[in-house]
Structure formats: structure tokens, C-alpha cells
Amino acid sequence: MAEIRLIDIKEDILSDNQALAGQIRDTLRNHRIFLMNLMASPGGGKTSLILQTLRRLKDKFRMAVIEGDIDSRWMPKKSSGKTSRRFRSRRAVFVILTRP
Ligand SMILES: Nc1nc2c(ncn2[C@@H]2O[C@H](COP(=O)(O)OP(=O)(O)O)[C@@H](O)[C@H]2O)c(=O)[nH]1
Ligand SMILES: [Mg+2]
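Residues numbered from 1 in each chain as written. Chains lettered and ligands numbered in written order. Predicted model: local features only at pLDDT ≥ 70, side-chain atom pairs only at ≥ 80, totals over all residues.

A. View of the overall build of the protein chain. Of regular secondary structure, the protein chain possesses four helices and two strands. The C-alpha atoms of the protein chain give a radius of gyration of 19 Å, which is well past the 13 Å a tight globule of 100 residues would have. The buried share of the protein chain, taken over its 100 residues, is 5%. Residue pairs at least 24 apart in sequence account for 59% of intrachain contacts in the protein chain once pairs closer than 6 positions are excluded. (Helix = DSSP H or I, 4+ residues; strand = E, 2+ residues; numbered from the N terminus. Rg over C-alpha atoms; globule rule 2.2 N^0.38 Å. Buried ≥ 20, exposed ≤ 12 C-beta atoms within 10 Å, placed from the backbone. Contact = placed C-beta atoms within 7 Å.)

B. Main features of the nonpolar core. By size, the foremost hydrophobic cluster in this structure holds five residues: I50, L54, V65, F87 and A92. If near-sequence neighbours (up to four positions away) are discounted, A92 is found in contact with L54, M63, A64, V65 and F87. (Core = buried A, V, L, I, M, F, W, Y, C linked by C-beta atoms within 7 Å.)

C. Quick look at the site of ligand 1. Taken together, A40, P42, G43, G44, G45, K46, T47 and S48 make up all the residues around ligand 1. Counted by class, the shell around ligand 1 contains two nonpolar, five polar and one charged residues. (Near = placed C-beta within 6 Å. Nonpolar A, V, L, I, M, F, W, Y, C, P; charged D, E, K, R; others polar.)

These results come straight from atomic positions and should not be treated as a statement about function.
Right, here's the structure in full:
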């Protein structure tokens, strides 16, 4: 069996990421924004949960839905599709993050 060697790395390899995350947290705190990252497999109930949340809280808070999708082929369909209309009809801003 191959020998396992532990390498002591003196620098946090995620330090840039941690710094950026800290800046984002500060910005959100300063603007009193609550951000929730919702992840689940397709069909896991994310959209249903978001739609119910928007429906129940739309008169109390200004809300936005940010959808991250690394496959830009679906972007045109998503931005004009049924789900985006349902988000918008509940007064939520809808933004899709993708890559070219
Ligand atoms: N039984 C049950 N079905 C659910 C629940 N939440 C969502 N669904 C159904 O599961 C399917 C997928 O939900 P959807 O919100 O589109 O999932 P998404 O792909 O994660 O956005 C839909 O047919 C929903 O009606 C739940 O709490 N219980
Ligand atoms: Mg969905």
C-alpha cells in the first residue's frame, strides 16, 4: 500500500474565498439583508418552498430570488418561463447567474 504523507501547508488555501465571503457578509449586514442559500437535487422542492415563502411574506419584505445555473443554454427559457413569472407575480426580483 502507498505510504500516506501529510503535508503541512502554512497558508489557508481558501483565504481569498474567506476574505470575499467576509466582505459579502458585511455588505449584507450593513444593508440588513437576510440571504439564504438553498441547495437540493432537481425535484427536491426548492421552487415550491420559494414560491410558498414569497406568497406568505411578500407583504412584509422585499425579496429576490437568485438562481445559479452553470449551463447557460437554459437561461432564455428560465428567464421567461412559468417559474420566473410566478416569482415576479409575487413581487420578487428574479435574477439568474450563469456563465457565457
Ligand atoms: N409530497 C411533497 N411534494 C412536494 C413537496 N415540495 C415539492 N413537492 C413536489 O415535488 C415536485 C418538485 O418540486 P420543485 O419545487 O419543482 O423542486 P425543485 O426542482 O427543487 O425546484 C413538484 O411536483 C412539487 O409539487 C413536499 O413538501 N411534499
Ligand atoms: Mg426548481
